[in-house]
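Reading the structure
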Amino acid sequence: MELVSMGQAARDAAFTLAVAPTALKNQALAAMADELEAQAERVLAANALDIKAARDTGMNEALQDRLLLNPARLAGIVADVRKVISLDDPVGSELESRVLDNGMRLSRRRVPIGVIGVIYEARPNVTIDIAALCLKTGNASILRGGRETFHSNMALVAVIQAALAKVGLPAAAVQYIESPDRALVGQLLTLDQYVDMIIPRGGANLHKLCKEQSTIPVIIGGFGVSHLFVDESADLVRALDVIDNAKVQRPSACNALDTLLVHEAVAERFLPALAARMNARGVSLVAAAKAYGPLAAAGADGLREAGPEDFDTEWLSLTLGVRLVADVEAALAHLRAHNACHSDAILTNSLVNAERFINGAGSAAVYVNASTRFTDGAQFGLGAEVAVSTQKLHARGPMGLTELTSYKWVGQADYLCRP
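Residues numbered from 1 in each chain as written. Predicted model: local features only at pLDDT ≥ 70, side-chain atom pairs only at ≥ 80, totals over all residues. Heavy atoms only, no water.

As annotated in an unreviewed UniProt entry, the protein is Gamma-glutamyl phosphate reductase from Pseudaeromonas paramecii. UniProt's Catalytic activity (unreviewed entry) comment on the protein is quoted here verbatim: "L-glutamate 5-semialdehyde + phosphate + NADP(+) = L-glutamyl 5-phosphate + NADPH + H(+)". Its UniProt record gives the protein the following Sequence similarities (unreviewed entry) comment, quoted word for word: "Belongs to the gamma-glutamyl phosphate reductase family." (UniProt positions renumbered as here; feature names shortened; annotations may be inferred.)

Laid out in structure tokens, this is it:
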């Protein structure tokens, strides 16, 4: 379908969705979850084609991990869709209400944004996440995935379309740009007559492209260097478990740990234990000068000295940057200098330092004595997420249902005229 026609159809579908009752939207989501289970073999077979192509073309392992669907991950996606059903529908809820002196009852009421355009790379789960959250909030969506996920996305879109048909909602409520032609991305970014918001989910280059070329508001997020600071008061034994989880559980995730900052006062005791744990987990360390010597003496595998750009790198792999800092202020200074906008944490037993870190970190999500891996829509109880926003307007962190709504002013009176 030609892109302008897709935009027109999406706009029409958005009007239908905007007035759809919650029960009907939940029926569509239930049908989607049921269809995913019924078509699981087809979806996994399609994903296997994408994985084979990725291996044949030499795609790195981190991207292959993002691309991979397996029975457990598919079951998790289904569970996320069903979780969205159980969440309150924000559409129609009132943010505030008051009666003015003239007798008018004035309120702010949540409404759908309209049509959401989403451009994403090697993450087939995004197709379902976006569709589910947009349907629940009465938004139509136009999706454009990467060519590396083509077979997976075609199978998932077929699932979505079948679910929409079962409940009588328009197929144009969720549309997919099938052509890999990159020129279509540019066209989507300027389809402001029909599209109300663009959400890119991918690397820095994709976000840069959208910021520079879009005539539609863009939500920026999904990437950023994640930091963890081990304070001098931290429990150093338990700290290793948190670092291990943040780095190793899923290193290709955008909330995986990239840089570890260690207080100088505990470095002599802590760095040998860190080297041993990271060796056991297959993690290579990239260390600044003061940390390099102690880590080398401790026998850290794959250790190298950090270069000028290493602490600006989102590794997305089993690599971890390490630097020693003098105190919490020095840790915060490092965060400011190195793109700390996503997920950052402090391990400390000092309430003063914890609050200083919380207030000083400019990140969308800040943690005290917890792994950065919790920055996720499902973990936050949102059911799923359309993106993790790292900008400072409209939405920050995992974007769930509420972040896909705007509001309108509603004034109710008794045939009131302005004097």
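Having put the structure on the table, let's press on.
1. Topic: the overall build of the protein
Each helix and strand in the protein was counted, giving 14 helices and 16 strands. The 419 residues of the protein split such that 53% are buried. Put simply, of all contacts in the protein between residues at least 6 apart along the chain, 72% involve residues at least 24 apart. Surface summary for the protein: the accessible area is close to 18,100 Å², and the carbon and sulfur share equals 52%. Charged side chains in the protein number 39 positive and 46 negative. The centres of these two groups are separated by 3 Å. (Helix = DSSP H or I, 4+ residues; strand = E, 2+ residues; numbered from the N terminus. Buried < 20%, exposed > 50% of the residue type's maximum accessible area, 1.4 Å probe, protein only. Contact = heavy atoms within 4.5 Å. Areas by Shrake-Rupley, 256 points an atom, 1.4 Å probe, with all protein chains shown as cover. Lys, Arg positive; Asp, Glu negative; His and termini not counted. Charge placed at Lys NZ, Arg CZ, Asp CG, Glu CD.)

2. Regarding the nonpolar core
If you look at the biggest cluster of nonpolar residues, it comprises 77 residues, and the most contacted ones within it are M32, I198 and I199. It is helix 7 (residues 150–167) that contributes the most residues to this core, nine residues altogether. Each residue touching I199, except ones within four places of it in the same chain, is listed here: I116, G117, V118, I119, I219, V386, A387, M399 and L404. Judged by nonpolar contacts, the second largest core, of 35 residues, contains V242, V262, V283 and L320. (Core = buried A, V, L, I, M, F, W, Y, C linked by side-chain atoms within 4.5 Å.)

3. A few points about the environment of A365
Relative to the helices and strands, A365 resides in strand 13 (residues 365–368). Here A365 falls in the buried class, since its relative accessible area comes to 6%. Spatially, the C-alpha atom of A365 lies 29 Å from that of A280, the residues being 85 residues apart in sequence.

4. Comments concerning a nonpolar patch on the surface
On the surface, L95, Y407 and W409 cluster together into a nonpolar patch covering about 300 Å² of accessible area. Mapping Y407 onto the fold places it in strand 16 (residues 405–412). Accessibility expressed as a relative area gives 39% for Y407, which makes it partly exposed. (Patch = residues over 30% accessible without salt bridge, like charges linked within 9 Å, V, L, I, M, F, W, Y side chains within 5 Å. Salt bridge = Lys/Arg side-chain N within 4 Å of Asp/Glu carboxyl O.)

5. Section: unusual backbone geometry
In this structure, N339 is a non-glycine residue whose phi angle is positive, near 60°. Position of N339 among the secondary structure elements: in the loop between helix 13 (328–337) and strand 12 (343–347). For Y415, which is not a glycine, the phi torsion comes out positive at approximately 55°. Within the element layout of this structure, Y415 appears in the segment after strand 16.

6. So, the pattern of salt bridges
Across all of its chains, the model carries 19 salt bridges by this definition. Across the pair D65 and R73 runs a salt bridge, and its minimum N-O distance is 2.8 Å. Taking the relative accessible area as the measure of exposure, D65 reaches 22% and is therefore partly exposed. Salt-bridge contacts for R98 lead to E96; the nearest nitrogen and oxygen are separated by 3.1 Å. A network of salt bridges, in which partner residues are shared, links D241, D244, R277 and R281.

7. So, the packing of helix 2 (residues 22–38) against helix 5 (residues 71–86)
Where helix 2 contacts helix 5, the two axes come as close as 9 Å, and the packing angle between them is 165°. Here helix 5 runs roughly antiparallel to helix 2, going by the angle between their axes. By crossing handedness, the relation of helix 2 to helix 5 is classed as left-handed. Between helix 2 and helix 5, the contacting residues are N26, L29, A30, M32, A33, D34, L36 and E37 on the first element and L74, I77, V78, V81, R82, V84 and I85 on the second. (Axes fitted to C-alpha atoms, helices over the stretch in contact; angles between N-to-C directions. Parallel < 35°, antiparallel > 145°, perpendicular 65-115°, else oblique. Left-handed = near helix turned anticlockwise from the far one by under 90°.)

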